[in-house]
Amino acid sequence: MAAPIRPNVLGLTPYSPGKPIDEVKRELGIDSVIKLASNENPLGPSPKAIAAVENAAWSMNIYPDGSGYALKQALSKRFQLPTGQIVLGNGSDELIHLLGLVFLGSEQDEVVVGDPSFVRYDAAAQLAPSKLIKVPLDSDYKHDLVAMRKRVNDNTKLVFIANPNNPTGTVVLKKELDHFFSDLPKNTVVVLDEAYFEFAEGLADFPNSLDYVREGRNVVGLRTFSKTYGLAGIRIGYAFTTPAIADGLDRAREPFNVNSLAQVAAIAALDDREHIQETLANNRKGMSRVNRALRAHGAHACESYANFVFADLGRPAGPVFQALLKKGVIIRSGEIFGTPNCVRITIGTEDEIDRFIQAFDEVINEGRF
Ligand code: PMP
């Protein structure tokens, strides 16, 4: 029997997560596997968040606070933005999905994204449905804001700019973004996806979505607790935006979209400066080591301001990915991003990076791919 599934749903490509560690162990019969493929925090969650979750677990018979009152208060205080301009999501993934529901719904509605950029934008656009316009990154793998601006017209409902970008880790600077915003159609909403914001924060002239939101622009800034804060498994992200857009997202969301454990974990993690500082320091050190290892073998590594490195190996990456997998090292191969010569490697702990560098050296030197 054929089920009447909407054609735009059938057109979606299911999300392909990084290969799970247990699956690789089973398939290859090896005991020790490391995963540098999903941009998670290698140091684990904030210990303060663990304690908060342990405590809150005793109340999980009770529905969560659907308004996320305490977490919104904490975010409001931290970022000096009224709670009415903050929206919580079951990960920022959910907020991307909600943006599609709220703003899109016909082939006349256009969505502009970079290519390659985060794949969930495409899914939100296709599901709506809408017309998806993909604008190639420039030769430095950065968002080409000039080319993207040319594709914006009165039908453009959403523009997604991941800053830093996933999978490349590259950034756009404030002056480029200011230029992009000048004379933008009034009805176009720009989504600044800052999932990796904290890793790039110290960079001179790095833009902050909050500034554009405070100016009253049609902007949605997306942030997450999944990366720097180490809470990817519990699912919690948030948006800064105008009161009107916050209201729209709020109407469309499920009543209890953010679970109670995620809410307390996020409040605790937000204040754990020590965990954040360790995370950033580990990332800085690891990033330069991975970059050096890649360059030593002639790979071109992008200038990344996130917790991963994207590199062009100058040869098909699939066999290198497979050879690394056999050595128990999971990375991302670029085929899924439309860049088959590239790899994306998440910065792990010092030990994990030792293991990656050794495996990568062996794979390239042995030429076994
Ligand atoms: N945006 C970007 C650019 C990402 O890389 C990710 C995580 N892969 C997300 C959003 C989603 O993050 P989460 O749903 O875990 O908050």
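This text goes with the structure placed above it.
From a predicted model like this one, the values you see are computed outputs, not experimental measurements. (Residues numbered from 1 in each chain as written. Predicted model: local features only at pLDDT ≥ 70, side-chain atom pairs only at ≥ 80, totals over all residues. Heavy atoms only, no water.)

1. Here's the deal with the environment of Leu71
Part 1 of the reasoning: Mapped onto the elements of the fold, Leu71 is located in helix α4 (residues 69–79).
Part 2 of the reasoning: Looking at Leu71, the relative accessible area reads 0%, which means it is buried.
Part 3 of the reasoning: Along the sequence, Leu71 and Gln85 sit 14 residues apart, while their C-alpha atoms lie 13 Å from each other.
Part 4 of the reasoning: Excluding residues within four positions of it along the chain, Leu71 makes contact with Leu88, Phe225, Ile236, Gln263, Ala266 and Ile267. (Helix = DSSP H or I, 4+ residues; strand = E, 2+ residues; numbered from the N terminus. Buried < 20%, exposed > 50% of the residue type's maximum accessible area, 1.4 Å probe, protein only. Contact = heavy atoms within 4.5 Å.)

2. Considering the sheet that holds strand β6 (residues 189–193)
Part 1 of the reasoning: Spatially, 7 strands are ordered β2-β8-β7-β6-β5-β3-β4 in an open sheet, and the strand pairing comes out mixed. Both outer strands of the open sheet, β2 (86–89) and β4 (131–136), are each paired with one neighbouring strand and no more. In this sheet, adjacent strand axes meet at a mean angle of 20 degrees when their direction is disregarded.
Part 2 of the reasoning: As paired elements, strand β5 (residues 156–162) and β6 share 5 bridges and run parallel to each other. Among the inter-strand pairings, Ala162 is bridged to a residue of β6, identified as Asp193.
Part 3 of the reasoning: Across the sheet, α4 touches β2, β7 (219–224) and β8 (237–240), and the angle it forms with β2 is around 130 degrees. (Pairing = 2+ DSSP bridges. Axes fitted to C-alpha atoms, helices over the stretch in contact; angles between N-to-C directions.)

3. A look at the pattern of salt bridges
Part 1 of the reasoning: If you walk through the whole model with that rule in mind, you get 17 salt bridges.
Part 2 of the reasoning: For Asp122, the salt bridge identified is with Lys134, shortest N-O distance 2.5 Å. Highlighted residues: Asp122 in helix α6 (residues 119–127) and Lys134 in strand β4, separated in sequence by 12 residues.
Part 3 of the reasoning: Two residues, Glu176 and Lys142, come together in a salt bridge whose shortest N-O distance is 3.7 Å. Taken as a pair, Glu176 in helix α8 (residues 174–181) and Lys142 in the loop between β4 and α7 (145–150) lie far apart in primary sequence, 34 residues in all.
Part 4 of the reasoning: What makes Glu176 partly exposed here is its relative accessible area of 26%.
Part 5 of the reasoning: Residue class for Lys142 comes out partly exposed when judged on its relative accessible area of 21%. (Salt bridge = Lys/Arg side-chain N within 4 Å of Asp/Glu carboxyl O.)

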